[in-house]
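Okay, here's what each chain looks like letter by letter:
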Amino acid sequence: MRQIHPNGAEPVAIRVLGEVGEETREDLRVVLRRAYATFSVYEELFRETGISWDDILTHDPLSILRRLPPLTGRRSYDLADECISAGGQIVDMETSSGTTGPRKRRVITRRDEASEVSFLADLFRVCGIGASDSVACVDTGPLTLMVSFTKALDHLGVEEAYAYCVSPNVDSTVEGLARLDPSVFVTIPSVLDRYIQGFRRQLGRAGGSRLSKVVYVGEPLSGLTRSVLEDELGVQVFAYYGASETSALGIECQAHDGIHLFTDRNVIEVALPEAGGNEGEILVTTLRQEGLPLLRYALKDVVEVKEGACPCGLRYPRVDVRGRTDGTASVLGSKIAYSSIHEAAYHDLEASGPLEVILSRNSREVMTVVLPDKLAPQEHRIRAAVLRLEPDLAYLSGSGFLALKLTFVNGSYFDSRRKARQIVDRRGGVGGTSF
């Protein structure tokens, strides 16, 4: 099927992952009907596309869905606004970086919460986590994500599940976790990279540790860190995949050959290059999300579709997540947007200009913003603006996890870097240069 790429740049072929059976199609029809009847954002979108109420009732719901353009930009923010008053018993709201606009929000109803807890428990079960496990959800603060994980682990019936907040002091964090001696970590790769050398020492001591599994969320895990965990320490590693807007989407199984996407909960499409190939941007249509129903939401993740059956026996399709398309990076689980930093630097100026963000690590995370030297007199204003526009950065900086540095260079620096990336990540894996 020939369509336009989610960013409007080029024609692509849209591929639906997995088999969409009759039950899933009827679930999709229910979602389409509710979207049309409840949300003016969707009603307008249907009318613009020439889709009537009768079409939704009588035509194949998958063919109706695929007539819609991807949900992006202003419409997605307007939908989040409308969801607050659209009905359902709201119990929570999850937010994340808006990248190039307002912060993204997902309204969570009581029904959403119950469904998510049950589904997360199923995902952890795929990893082999069970009643004998003690699970530490390790993060820089008591974030909503980790709270939802502990609820799911309690639902699964593990021995114990708790959220553990790390400190900027590596040794005290490792010693505290060693006393608790969990069998499973659920954590963020950049948190894991920061403390892994300490875990390495702990696991090498007499008596060692009972740590047997790590589930990582929110960021890619470096191949080097994974190799240390699996080959040196004998720890199984599992990738969890989800987003603030969609909640959980899938997880890596014990065959460790890609992430299974659970296509009975979401219709998953991938925008593939028309010339062929199996790598493209993912579109998500939610089937179990009452508070924020999404139709062909452009998640801004690029995935590689894996062909063939998985040795584990799960029927769900598999992907490897390759990266982002929107100029963001993750620092200790917080998404940092290049566009926000650029806006902070050049706000109220007559013209825009060059900027580079460099991520590194010593005793803590370091974010260096490289700017033209003509902006040096405005250093104080720029620093304050960056922390205001990126509140997660303000938290990490104020808590001692991150150092924000501004460096001013002459014009030749940028002239010599014609192919400079917006964000340069020099942290590497296995603790980077921390130890």
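This is a predicted model, so every value here is computed, not measured.

Conventions and cut-offs
Residues numbered from 1 in each chain as written. Predicted model: local features only at pLDDT ≥ 70, side-chain atom pairs only at ≥ 80, totals over all residues. Heavy atoms only, no water. Buried < 20%, exposed > 50% of the residue type's maximum accessible area, 1.4 Å probe, protein only. Helix = DSSP H or I, 4+ residues; strand = E, 2+ residues; numbered from the N terminus. Arc of directions from axis to C-beta. Contact = heavy atoms within 4.5 Å. pLDDT = per-residue confidence, 0-100. Salt bridge = Lys/Arg side-chain N within 4 Å of Asp/Glu carboxyl O. Phe/Tyr/Trp six-rings, centres within 6.5 Å; stacked < 30°, edge-to-face > 60°. Lys NZ or Arg CZ within 6 Å of the ring centre and 35° of its normal. Axes fitted to C-alpha atoms, helices over the stretch in contact; angles between N-to-C directions. Parallel < 35°, antiparallel > 145°, perpendicular 65-115°, else oblique. Nonpolar A, V, L, I, M, F, W, Y, C, P; charged D, E, K, R; others polar. Patch = residues over 30% accessible without salt bridge, like charges linked within 9 Å, V, L, I, M, F, W, Y side chains within 5 Å. Areas by Shrake-Rupley, 256 points an atom, 1.4 Å probe, with all protein chains shown as cover. Pairing = 2+ DSSP bridges. Polar contact = N/O pair within 3.5 Å; in protein donor to acceptor, adjacent residues only side chain to side chain.

**Student:** With reference to specific residues and values, describe helix α2 (residues 40–49).
**Tutor:** Regarding α2, the residues found buried are Val41, Tyr42, Leu45 and Phe46. The arc that holds every buried residue of α2, seen down its axis, measures 130 degrees, which confines them to one face. Within α2, the exposed residues directed more than 90 degrees away from the buried face are Arg47 and Glu48. Contacts from the buried residues of α2 go to α1 (22–38), α3 (53–58), α4 (61–65) and α5 (73–83).

**Student:** Explain the side chain of Thr263 to me, and be specific about the residues and the numbers.
**Tutor:** By the secondary structure assignment, Thr263 is in the loop between β11 (259–261) and β12 (266–273). Assessed through its relative accessible area of 8%, Thr263 is described here as buried. Filtering out sequence-adjacent residues up to four positions away, Thr263 remains in contact with Leu17, Thr24, Ile268, Tyr316 and Pro317.

**Student:** With reference to specific residues and values, describe the confidence of the model for the chain.
**Tutor:** This prediction gives the chain a mean pLDDT of 87; 89% of its residues lie at or above 70. Considering each helix and strand of the chain separately, the mean pLDDT is smallest for strand β1 (residues 2–4), with a value of 46, and largest for β11, with 98. For residues 1–5, every residue scores under 50 in pLDDT, and the model assigns this stretch 18 contacts once sequence neighbours within four places are set aside. When the criterion is pLDDT under 50, residues 431–435 qualifies, and its contacts beyond four places in sequence or with other chains add up to 14 contacts.

**Student:** Would you mind going over the pattern of salt bridges in detail, with residue names and values included?
**Tutor:** If you walk through the whole model with that rule in mind, you get 26 salt bridges. For Asp320, the salt bridge is made with Arg322, and the minimal N-O distance between the two is 3.7 Å. A salt bridge links Arg361 to Glu365; its shortest N-O distance comes to 2.7 Å. For the residue pair Arg361 and Glu365, the accessibility class agrees, reading buried in each case. It is possible to trace a salt-bridge network through shared partners that takes in Asp257, Glu304, Lys306, Arg318, Asp320 and Arg322.

**Student:** Report on the packing of aromatic side chains, specifying residues and quantitative values.
**Tutor:** All chains considered together, the criterion is met by eight aromatic pairs. Ring geometry for Tyr36 versus Phe46: centroids 5.4 Å apart, planes at 40 degrees, classification tilted. Residue Tyr36 is located in helix α1, and its partner Phe46 is located in helix α2; the two are separated by 10 residues in the primary sequence. You'll find Tyr36 and Phe46 in the same group, each marked buried. Taking 5.6 Å as the distance between ring centres and 50 degrees as the angle between the ring planes, the aromatic pair formed by Tyr36 and Trp53 counts as tilted. Residue Tyr36 is found in helix α1, and its partner Trp53 is found in helix α3; the two are separated by 17 residues along the sequence. Exposure remark for Trp53: the relative accessible area of 31% places this residue in the partly exposed category. Grouping aromatic residues by their ring pairs yields a cluster made of Tyr36, Phe46 and Trp53. The ring centre of Phe119 lies 4.2 Å from the NZ or CZ of Arg265, which sits over that ring.

**Student:** Quick one: what's the story with the packing of α2 against α5, residue by residue and with numbers?
**Tutor:** Helix packing for two helices is described by the angle between their axes and how far apart those axes are. At a closest axis distance of 8 Å, the pairing of α2 and α5 adopts a crossing angle of 140 degrees. As far as their axial angle goes, α5 and α2 are oblique. Along the contact surface, α2 presents Ser40, Val41, Tyr42, Glu44, Leu45 and Glu48, while α5 presents Arg75, Asp78, Leu79 and Glu82. Of the residues assigned to the contact of α2 with α5, the class counts are four nonpolar, one polar and five charged.

**Student:** An account of the environment of Val31 is requested, with residue identities and associated values reported.
**Tutor:** Structurally, Val31 can be placed in helix α1. With a relative accessible area of 11%, Val31 lands in the buried category. Setting aside residues no more than four positions away along its own chain, Val31 makes contact with Thr286, Leu287 and Leu295.

**Student:** Explain unusual backbone geometry to me, using residue names and the numbers behind them.
**Tutor:** Not every positive phi belongs to a glycine, and Asp181 is a case in point at roughly 50 degrees. Looking at the element boundaries, Asp181 is found in the loop between α8 (170–180) and β7 (184–187). A residue is classified by how much of its surface remains accessible, and Asp181, at 26% relative accessible area, is partly exposed.

**Student:** Explain the packing of α1 against α2 to me, using residue names and the numbers behind them.
**Tutor:** Packing of α1 against α2 brings their axes to within 6 Å, and their N-to-C directions diverge by 105 degrees. With respect to their mutual orientation, α1 and α2 come out roughly perpendicular. Of α2, the residues touching α1 (which contributes Leu32, Ala35, Tyr36 and Thr38) are Ser40, Tyr42, Glu43, Phe46 and Arg47. The class makeup of the residues in the contact of α1 with α2 is five nonpolar, two polar and two charged.

**Student:** Provide a residue-level description of a nonpolar patch on the surface, including the pertinent values.
**Tutor:** Together, Ile84, Ile90 and Met93 make up a nonpolar patch on the protein surface, roughly 230 Å² of accessible area in all. The residue Ile90 is located in strand β3 (residues 90–96) in this model. The class of Ile90 is partly exposed, set by a relative accessible area of 38%.

**Student:** An account of the sheet that holds strand β21 (residues 423–425) is needed here, citing residue identities and associated values.
**Tutor:** Taken in spatial order, the four strands of this open sheet run β20-β19-β18-β21, and their pairing is mixed. For this open sheet the edge positions go to β20 (402–409) and β21, each flanked by a neighbour on one side alone. Across the sheet, the mean angle from the axis of one strand to that of its neighbour is 20 degrees, orientation sign disregarded. Strand direction decides the pairing type here: strand β19 (residues 365–372) and β20, joined by eight bridges, are parallel. Considered in β20, the bridge of Glu365 is made with Leu402. Relative to the sheet, helix α12 (residues 379–389) contacts β19 and β20, its axis offset from that of β20 by approximately 140 degrees.

**Student:** Pulling in residues and values, what's your account of α8?
**Tutor:** Taken together, the buried positions of α8 are Val170, Thr173, Val174, Gly176 and Leu177. All buried residues of α8 lie within an arc of 160 degrees about the axis, which places them on one face of the element. N-capping of α8 is provided by Asn169, with a side-chain oxygen placed 3.1 Å from the backbone N of Asp171. Looking at the residues trailing α8, positive phi occurs at Asp181, about 50 degrees.

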